[in-house]
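Summary of structural features
If you want the building blocks of each chain, they are given just below.
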Amino acid sequence: MDTRPKVSSLLNRMANYTNLTQGAKEHEEAENITEGKKKPTKTLLTAISMSAIATNGVVPAGGSYFMISRALGPEFGGAVGLCFYLGTTFAAAMYILGAIEIFLVYIVPRAAIFRSEDALKESAAMLNNMRIYGTAFLVLMVLVVFIGVRYVNKFASLFLACVIVSILAIYAGAIKSSFAPPHFPVCMLGNRTLSSRHIDTCSKTKEINNMTVPSKLWGFFCNSSQFFNATCDEYFVHNNVTSIQGIPGLASGVITENLWSNYLPKGEIIEKSSARSSDVLGNLNHEYVLVDITTSFTLLVGIFFPSVTGIMAGSNRSGDLKDAQKSIPIGTILAILTTSFVYLSNVVLFGACIEGVVLRDKFGDAVKGNLVVGTLSWPSPWVIVIGSFFSTCGAGLQSLTGAPRLLQAIAKDNIIPFLRVFGHSKANGEPTWALLLTAAIAELGILIASLDLVAPILSMFFLMCYLFVNLACALQTLLRTPNWRPRFRYYHWALSFMGMSICLALMFISSWYYAIVAMVIAGMIYKYIEYQGAEKEWGDGIRGLSLSAARFALLRLEEGPPHTKNWRPQLLVLLKLDEDLHVKHPRLLTFASQLKAGKGLTIVGSVIVGNFLENYGEALAAEQTIKHLMEAEKVKGFCQLVVAAKLREGISHLIQSCGLGGMKHNTVVMGWPNGWRQSEDARAWKTFIGTVRVTTAAHLALLVAKNISFFPSNVEQFSEGNIDVWWIVHDGGMLMLLPFLLKQHKVWRKCSIRIFTVAQLEDNSIQMKKDLATFLYHLRIEAEVEVVEMHDSDISAYTYERTLMMEQRSQMLRHMRLSKTERDREAQLVKDRNSMLRLTSIGSDEDEETETYQEKVHMTWTKDKYMASRGQKAKSMEGFQDLLNMRPDQSNVRRMHTAVKLNEVIVNKSHEAKLVLLNMPGPPRNPEGDENYMEFLEVLTEGLERVLLVRGGGSEVITIYS
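Along each chain, the written sequence defines residue order, and numbers are assigned to residues from 1. Totals for whole chains, interfaces and linings use every residue, but because this is a predicted model, local features are given only for residues with pLDDT of at least 70 and side-chain atom pairs only at 80 or more, for both listing and counting. Based on all heavy atoms of the structure, the side-chain values leave hydrogens and waters out of the count.

Attention shifts here to the state of the cysteines. Working definition: a disulfide is two cysteine sulfur atoms within 2.5 Å of each other. Counted under the stated rule, the structure contains two disulfides. At a sulfur-sulfur separation of 2.1 Å, the disulfide partner of Cys187 is Cys202. Negative torsions about the S-S bond denote left-handed disulfides, and the value of about 95 degrees found for Cys187 with Cys202 makes this one right-handed. Taken as a pair, Cys187 in strand β1 (residues 185–189) and Cys202 in the loop between β2 (192–193) and β3 (205–208) lie far apart in primary sequence, 15 residues in all. The buried label applies to any residue whose accessible area, calculated with a 1.4 Å probe on protein chains only, is under 20% of its type's maximum; exposed applies above 50%, and partly exposed to all values in between. Given a relative accessible area of 5%, Cys187 falls into the buried group. Taking relative accessible area as the criterion, Cys202 reaches 26% and is therefore assigned partly exposed. One disulfide bridge connects Cys222 with Cys232, the sulfur atoms lying 1.8 Å from each other. The chirality of the disulfide connecting Cys222 with Cys232 is right-handed, given an S-S dihedral of about 105 degrees. One end of the pair, Cys222, is in the loop between α7 (216–221) and α8 (234–238); the other, Cys232, is in the loop between α7 and α8, with 10 residues separating them in the sequence. For the pair Cys222 and Cys232, a shared accessibility class is recorded, and that class is buried. Secondary structure elements follow DSSP: runs of H or I no shorter than four residues count as helices, runs of E no shorter than two count as strands, and numbering proceeds from the N terminus.

We now examine the pattern of salt bridges. Here, a salt bridge means any Lys or Arg side-chain nitrogen found within 4 Å of an Asp or Glu carboxyl oxygen. By the definition in use, this model includes 12 salt bridges. Measuring nitrogen to oxygen at the nearest pair gives 2.7 Å for the salt bridge that ties Asp200 to Lys206. A relative accessible area of 27% places Lys206 in the partly exposed class. When the shortest N-O distance is used, the salt bridge between Glu786 and Lys909 registers 2.6 Å. Separated by 123 residues along the polypeptide, Glu786 in strand β13 (residues 784–789) and Lys909 in helix α29 (residues 890–910) bring together distant segments of the chain. Overall, the relative accessible area of 22% leaves Glu786 in the partly exposed class. The class of Lys909 is partly exposed, set by a relative accessible area of 30%. A cluster of three or more residues bridged by salt bridges with shared partners is formed by Glu257, Lys272 and Glu355.

A separate point is the pairing of β3. On any regular strand, side chains alternate: one points to one face of the sheet, the next to the other face. Strand pairing is assigned whenever DSSP detects at least two bridges linking the two strands. Inspection of the sheet shows β3 paired to strand β4 (residues 211–214) by four bridges, in the antiparallel sense. Note that in β4 the partner of Ile208 across the bridge is Met211. What sits between the antiparallel neighbours β3 and β4 is a turn of two residues, in which Asn209 has the positive phi angle 55 degrees.

For Asn129, the location among the structural elements is in helix α5 (residues 119–147). Beyond its immediate sequence surroundings of up to four residues, Asn129 is in contact with Leu104, Ala112, Ile113, Phe114 and Gly134. In what follows, residue pairs with any heavy atoms lying within 4.5 Å of each other are defined as contacts.

With the exception of glycine, most residues fall at negative phi, and the peptide bonds are largely trans. The omega torsion across Trp378 and Pro379 is 20 degrees, close enough to zero to call that bond cis. Structurally, Pro379 can be placed in the loop between α14 (372–376) and α15 (381–412). A positive phi angle, near 60 degrees, is found at Asn414, a position not held by glycine. The topology assignment puts Asn414 in the loop between α15 and α16 (432–448). Phi at Asn707 is positive, roughly 60 degrees, even though this residue is not glycine. By the element assignment, Asn707 lies in the loop between β10 (701–706) and β11 (722–727).

Further remarks concern helix α6 (residues 149–177). Its 29 residues give α6 an end-to-end C-alpha distance of 42 Å, which sits within 8% of 42 Å, the value for a rise of 1.5 Å per residue. Along α6, the residues that are buried comprise Val149, Val152, Phe159, Cys162, Ser166, Ala169, Ile170, Tyr171, Gly173, Ala174 and Ser177. The span one expects for a helix is its residue count, reduced by one, times 1.5 Å.

Simply put, an axis is a line fit to the C-alpha atoms, just over the touching stretch for a helix, and the angle between two N-to-C directions goes from 0 to 180 degrees. Two elements in contact, α6 and helix α12 (residues 324–353), have axes whose closest approach is 11 Å; the angle formed by their N-to-C orientations is 30 degrees. Taken together, the axes of α6 and α12 are roughly parallel relative to one another. In this structure, α6 crosses over α12, and the sense of that crossing is left-handed. Here Ile167, Ile170, Tyr171, Ala174 and Ser177 of α6 come into contact with α12, specifically with Phe341, Val342, Ser345, Asn346, Leu349, Phe350 and Cys353. Throughout this description, any angle smaller than 35 degrees is read as roughly parallel, any larger than 145 degrees as roughly antiparallel, any in the 65 to 115 degree range as roughly perpendicular, and the remainder as oblique. Handedness of a crossing follows from how the near helix is turned relative to the far one, being left-handed for an anticlockwise turn of less than a right angle and right-handed for a clockwise one.

Shown next, in the form of structure tokens:
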């Protein structure tokens, strides 16, 4: 007998907020992680991380992409790899533009195709020249790369020699300037720097034929070329014109003026702070040297950063290296140390030898366009000019060599389908198609033509790559995966984390909007790879992180049962398989997906009857079939298949052992055993009742879908209709929660919820309706409420007839068991037990012990056996005759009466409902009444198209509290 409370008394308590079980308390502990503060270090951090990853196994083609993808997975690897590819490709465009600028400004200025006398249009003409020559240079470099990488390597030696000579020339010139500085005058008006491009002498007047006449400079600041009656600029009148040494030399002490930063806005006049000047403003004259762009630390970092992005050049060509594990760490770290020394020493030397006004003059207006570093160097400025030109050409060739190989590695991994064509190469291994795409993208950068616009884009892509290299190293170190055994020992997760933080900070410091754009691009690529389903198992750190996070979460869930507010159905769906390992009722999975709407745990289980050693292959095939069906029905969950000697035992094992720790199922979903009445085999329904008993013993909720084939698919959508809930007894609120969850899915969203409850003779139906409406209001569930009154009435003849038919059928099957056993034994003789895979559905058990005998079957027919058979048949006929004269049991009559009357009410109210949810009574304690229990449930649900029988697990699953 059920001891669950009556709905009438329970509703009254619920409406008054009393006696509600709120579930277990949440025992959550806050973890305070204290991290030590470390002083940021800006050198070598990314190189150290990359060295550790590069020495943790063979690094084939792909370099940084290969390292990131194998450490963080295909999604991160593909997203960052493509961004790094774009950065390297745009770097090639930047280097080519730099070479063209040197070529047109310092080597062959007359080669310019576009010219303009107007100073305002001069920069636009220069950009057009850079576009034309840049395209020509790009085509030439692509041809060199196309011929083969060995020719690039030959050119690299020449370029390296030019760079080394140029660097040595700078050091020699700086030393020479300490005792013999070069003649490099700069014209000043007061403390303001003047452009020397249009003036003939650095003075207000000049001597011609022993006569003092105004200079060109006078005409720029005065309205008349004569001394008399001329109105001049106030600042020009009150300040003298002087000439200072632009490169005073190493011993001049100018470093004291250049030591501190002085960022200026665009259009500001470049001034020498230590020079004398009258305190008058004057007018802004175009003969002054002006700041061409608003400067700041962030802007300068963005412009300067591409000059240090060459640390990945070696790793990009990892496929061409003889021993990448050895070459990448040594080459990268030595390159960084060398370039760091060169860069820092040159910064110090320039600040100690050159005036600040010259350093700020980007286009050299104050020094007639001469190359300042070239003037400083020794023995000739041409050493710097030629060295710079070949240096930028060599960097461009290296980028055009590395970028296609990076793209080819991404394409060969087949994580981005539309890039597959770029994985092909020539017979000599050169990535032809990837090279052509690289050239096309580089051409876009050349068409932009402005270095200041290209440089920040490069900075973002490179910084993002460096960030993820550091993240990969830190993640692998912290996870302590067994395969993490790098030969390079001088690394630590704190250094990698510091490098990652600096990269992220620099991204936003340089240009926050470019940083956001770069992250959005990477995020879109990540989601695309994830959407395409890049099923690559590379043992990456993200998977290891997921395992660690899952372990941590499972351990936290073990702390106690979930609070009522957090309760949701965690499903174990029991499926039936036919002889061909196909799912009999796939709509059961469809219903599970609609109920879950992608949330929570779903385990799909089934049982194969047999021996595990013999049926392992069939079990794997069935598991794959179920997984494919789960994917088709969009069920996110796990599949669990059990091979057991008996079906009932297999189901019991699933119910007991599925799940892990706190992630265990709390609800079992199964189908109703259709056609159980027509089956002569009692096992067709005994397994079903056994499953109900096991579920009840495990304190799990149970959902039984009847007529599951009529349930809607995921593509069907009800435009109207009702979900009817018949709340007979309270079982934790499952009946209230389930329709709400179903309505979250598009199939049921437009259906309305109607809740019916039954009032007995002593109940106040009006008060029950008010209490139920109040309870639903507090639950925040919109539903129509109706109380159905069921009064005692006389038992109809139909009820007696149904009860008698039920009992007669039960007794008849008992008397016919012997003859059935004989038929089974005869059929057993033609079965080959060793070859037939005996798969049964949830609802039948072919190995039920009560239906089989273990004695040996004799092939001979003896006289004794014949007489024994005659005696058994006579007893059977006597029992059948007694059965015809029996009267039904009164307790069965009362139960049948309740089922019939309730069914009449349900059918009357809900015959057009899209789904009917109904309390499912528990099975009888005495197994002798199992057949009657099945008949009661059948009568209760007759005439309804879709029925979901619901039995709670004994705990509250819904609450009125927030």
